Amino acid sequence: MSETLILPQTQDRQTIYDSLVPQLAALVEGEPDLIANLANIAAALKEAFGFFWVGFYLKKDNQLVLGPFQGPIACTRIAFGKGVCGAAYTRQETILVPDVEQFPGHIACSSASKSEIVVPVFDRSGNVTMVLDVDSDQLNDFSEVDARELEKIAGLIMTF
């Protein structure tokens, strides 16, 4: 795949994901470097949807540590079970938050973040190795379409 995304001119997220997911699969296929792949995935999601913040937190020792991302500076370390990222890691499930102010224990890395979705990324053994975190500056910006499609994208990473 080239370094250019081909995206449909629509606001329909499902249509955009239908175009984006195969391009991401081609982008990471054959590239063994995890950080390079995470960086490109974050950049592609930011470009495709214009999300406020897109990035990864990787499990290191007993916490999540900031990895490749696109957007303003972010929290560097998150404890397991803390905030949306820590909760998604601990629960081992996608968490969709329509209004971050209503999420108990939300960590406000940026006051501009209004809604959030966090998807755990599993290794081949079924262990969570990182989370994909996407923030929006709009309330209620994520749906089950985003959850399903971001889980597919997380599955592309699982092969490492």
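Preceding this section is the structure that the text describes.
Fair warning: this is a prediction, and the values are worked out from it, not measured in the lab.

Asks: Explain helix α2 (residues 34-49) to me, and be specific about the residues and the numbers.
Replies: The terminal C-alpha atoms of α2 lie 23 Å apart, and with 16 residues this matches the ideal 22 Å at 1.5 Å per residue to within 8%. Where α2 is concerned, the buried positions are Asn37, Leu38, Ile41, Ala42, Ala44, Leu45, Ala48 and Phe49. Buried residues in α2, looked at end-on, bunch into an arc of 165 degrees, giving them a common side. Looking at the buried positions of α2, the neighbouring elements they touch are α1 (13-28), β1 (53-60), β2 (63-70), β6 (128-136) and α4 (144-157). The residue sitting at the N-terminus of α2 and contributing the capping side-chain oxygen is Asp33; that oxygen lies 3.2 Å from the backbone nitrogen of Ile35.

Asks: Explain empty space enclosed by the protein residue by residue, including any values.
Replies: All told, the structure shown has one cavity of 30 Å³ or more when counted by the stated rule. What the largest cavity holds in volume is close to 190 Å³. At the level of secondary structure, the elements contributing two or more residues to the lining of the largest cavity comprise β1, α3 (83-91) and β6. The dominant element in the lining of the largest cavity, judged by the number of residues it contributes, is α3, at three residues. Tallied by class, residues from the lining of the largest cavity come to eleven nonpolar, four polar and three charged.

Asks: If you had to explain the packing of α2 against α4 to someone new, which residues and values would you point to?
Replies: Axis separation between α2 and α4 bottoms out at 11 Å; the angle between their running directions is 160 degrees. The angle between the axes of α2 and α4 places the two elements in the roughly antiparallel class. Remark: the crossing between α2 and α4 carries right-handed chirality. Listed contacts from α4 to Leu34, Leu38, Ile41 and Leu45 of α2 are Leu150, Ile153 and Ile157. Taken together, the residues of the contact of α2 with α4 sort by class into seven nonpolar, no polar and no charged.

Cut-offs applied
Residues numbered from 1 in each chain as written. Predicted model: local features only at pLDDT ≥ 70, side-chain atom pairs only at ≥ 80, totals over all residues. Heavy atoms only, no water. Helix = DSSP H or I, 4+ residues; strand = E, 2+ residues; numbered from the N terminus. Expected span 1.5 Å × (residues − 1). Buried < 20%, exposed > 50% of the residue type's maximum accessible area, 1.4 Å probe, protein only. Arc of directions from axis to C-beta. Contact = heavy atoms within 4.5 Å. Polar contact = N/O pair within 3.5 Å; in protein donor to acceptor, adjacent residues only side chain to side chain. 1 Å grid on protein atoms, 1.4 Å probe; cavity = no way out; pocket = protein on both sides within 12 Å on 5 of 7 lines; lining within 4 Å. Points joined across faces, edges and corners; volume = space filled by probe spheres on them. Nonpolar A, V, L, I, M, F, W, Y, C, P; charged D, E, K, R; others polar. Axes fitted to C-alpha atoms, helices over the stretch in contact; angles between N-to-C directions. Parallel < 35°, antiparallel > 145°, perpendicular 65-115°, else oblique. Left-handed = near helix turned anticlockwise from the far one by under 90°.

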